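Examination of the molecular architecture
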Amino acid sequence: MPTKLVVCVASLLAHATAGDLVEITAKSLDSEFLSSPGGTFVKFYAPWCGHCQKLRPTWDALAESNTRAKIALIDCTKSGEICARYSVRGYPSLLFFGPGTAKTEPSEPGAEDDLDAPTPRTMWDGPIYKYGGEKGKAKRSLEELKKFADGGWKVTPQYDPSAQPPPPPPKTAWTTLKSTWRDIRESGRNLLLFLAFLA
C-alpha cells in the first residue's frame with residue numbers, strides 16, 4: 001500500500017507546473033488529488049484550441065494566487081476517457097469539484113493480480129459545478145476565476161455529467177455523402193419548381 005501512495009505522489013509532483021498547477025492524467029486522477037478540502041478547479045482543454053491557449057496565462061496566474069482550491073489541467077487529447085466521463089464536449093471547460101470523495105468502481109475479483117486488467121474507474125461523489133453556467137457567458141478574468149474558486153461556486157447550479165445530452169454521432173464518409181446527395185436532390189426539386197413557374 002505505501003508503494004502506491006509513493007507512486008501517486010511522485011506522479012503528481014512530476015506533472016506540477018507553475019505554482020500549484022497540476023496536469024492531471026488518467027494515472028494521477030485519484031481521491032488523494034481531488035479530495036482537497038477547498039475543492040479542485042479543473043480546466044479541461046485541448047492543445048490546439050485557441051481559446052484554451054488564450055486562457056493559459058490567466059490559468060497559470062490563478063494557480064499562483066492564494067486560492068483555497070487546488071488548480072489543475074486535463075488535456076483531453078491525452079486523457080479522453082476522463083473528459084468523456086465528465087461529459088466535456090467543448091474547450092475549455094472549467095469544472096469545480098467541490099468537497100467530497102472519489103469513489104472507485106470495484107474491479108473484478110483477482111484483477112489486482114492481472115497486469116493487463118483495466119485500471120479501476122474513479123468517479124467524483126461530491127458536487128461538481130461548471131464555471132459560466134449553461135450559457136458560458138461568464139468572464140474569464142483572473143479576478144472572476146479566483147472569486148469562483150474561493151466560494152463563488154456555491155451559488156452556481158450543480159453540474160450533472162450524466163444529465164448532459166449525448167454527443168452527436170461522428171461524421172463518416174457515408175453520412176456526408178448522404179447529406180450531400182439529399183441537398184442535391186432538394187436543389188434539383190427547387191430548380192424544377194422554378195422552371196415550372198417560369199413556363
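Residues numbered from 1 in each chain as written. Predicted model: local features only at pLDDT ≥ 70, side-chain atom pairs only at ≥ 80, totals over all residues. Heavy atoms only, no water.

A few points about the packing of aromatic side chains
Applying the stated criterion to the full structure yields 11 aromatic pairs. Seen in terms of ring centroids, Tyr 86 and Phe 97 are 5.2 Å apart; in terms of plane orientation they differ by 85°. Their pairing is edge-to-face. With Tyr 86 in the loop between α4 (80-85) and β4 (93-97) and Phe 97 in strand β4, this pair connects stretches of sequence that are 11 residues apart. Ring geometry for Phe 96 and Trp 153: centres 4.7 Å apart, planes at 20°, overall stacked. Remark: Trp 153 occurs in the loop between α5 (142-149) and α6 (173-198) and Phe 96 occurs in strand β4; sequence separation between them is 57 residues. Phe 96 sits in the buried class, given a relative accessible area of 0%. By way of ring pairs, the aromatic residues Phe 41, Trp 59, Phe 96, Tyr 129, Tyr 131, Phe 148 and Trp 153 are connected into one cluster. Taking the ring centre of Tyr 45 as reference, the NZ or CZ of Lys 43 above it sits at 5.4 Å. (Phe/Tyr/Trp six-rings, centres within 6.5 Å; stacked < 30°, edge-to-face > 60°. Helix = DSSP H or I, 4+ residues; strand = E, 2+ residues; numbered from the N terminus. Buried < 20%, exposed > 50% of the residue type's maximum accessible area, 1.4 Å probe, protein only. Lys NZ or Arg CZ within 6 Å of the ring centre and 35° of its normal.)

A short note on the pairing of strand β2 (residues 40-45)
When you tally the buried positions in β2, you get six out of six residues, the bulk of the element. Where burial is concerned, the two faces of β2 agree: the one with Thr 40, Val 42 and Phe 44 and the one with Phe 41, Lys 43 and Tyr 45 are both buried. Pairing of β2 with strand β3 (residues 70-75), which is carried by six bridges, proceeds in the parallel orientation. Residue pairing for β3: Val 42 is matched across the bridge by Ala 72. Of the crossover connections in this fold, the one passing from β2 over helix α3 (residues 50-64) to the parallel β3 is right-handed. (Pairing = 2+ DSSP bridges. Right-handed = clockwise from strand over helix to strand, strands pointing away.)

Describing α3
If you check α3, its first and last C-alpha atoms are 22 Å apart, about what 15 residues at 1.5 Å a residue would give, namely 21 Å. Of all bends in α3, the biggest is about 40°, found at Arg 56, and the proline Pro 57 comes one to four residues later. Listing the buried residues of α3 in full gives Cys 52, Leu 55, Trp 59, Asp 60, Leu 62 and Ala 63. Buried residues along α3 sit in contact with β2, β3, β4 and α5. (Expected span 1.5 Å × (residues − 1). Bend = angle between axes of the 7 residues up to and from the residue. Contact = heavy atoms within 4.5 Å.)

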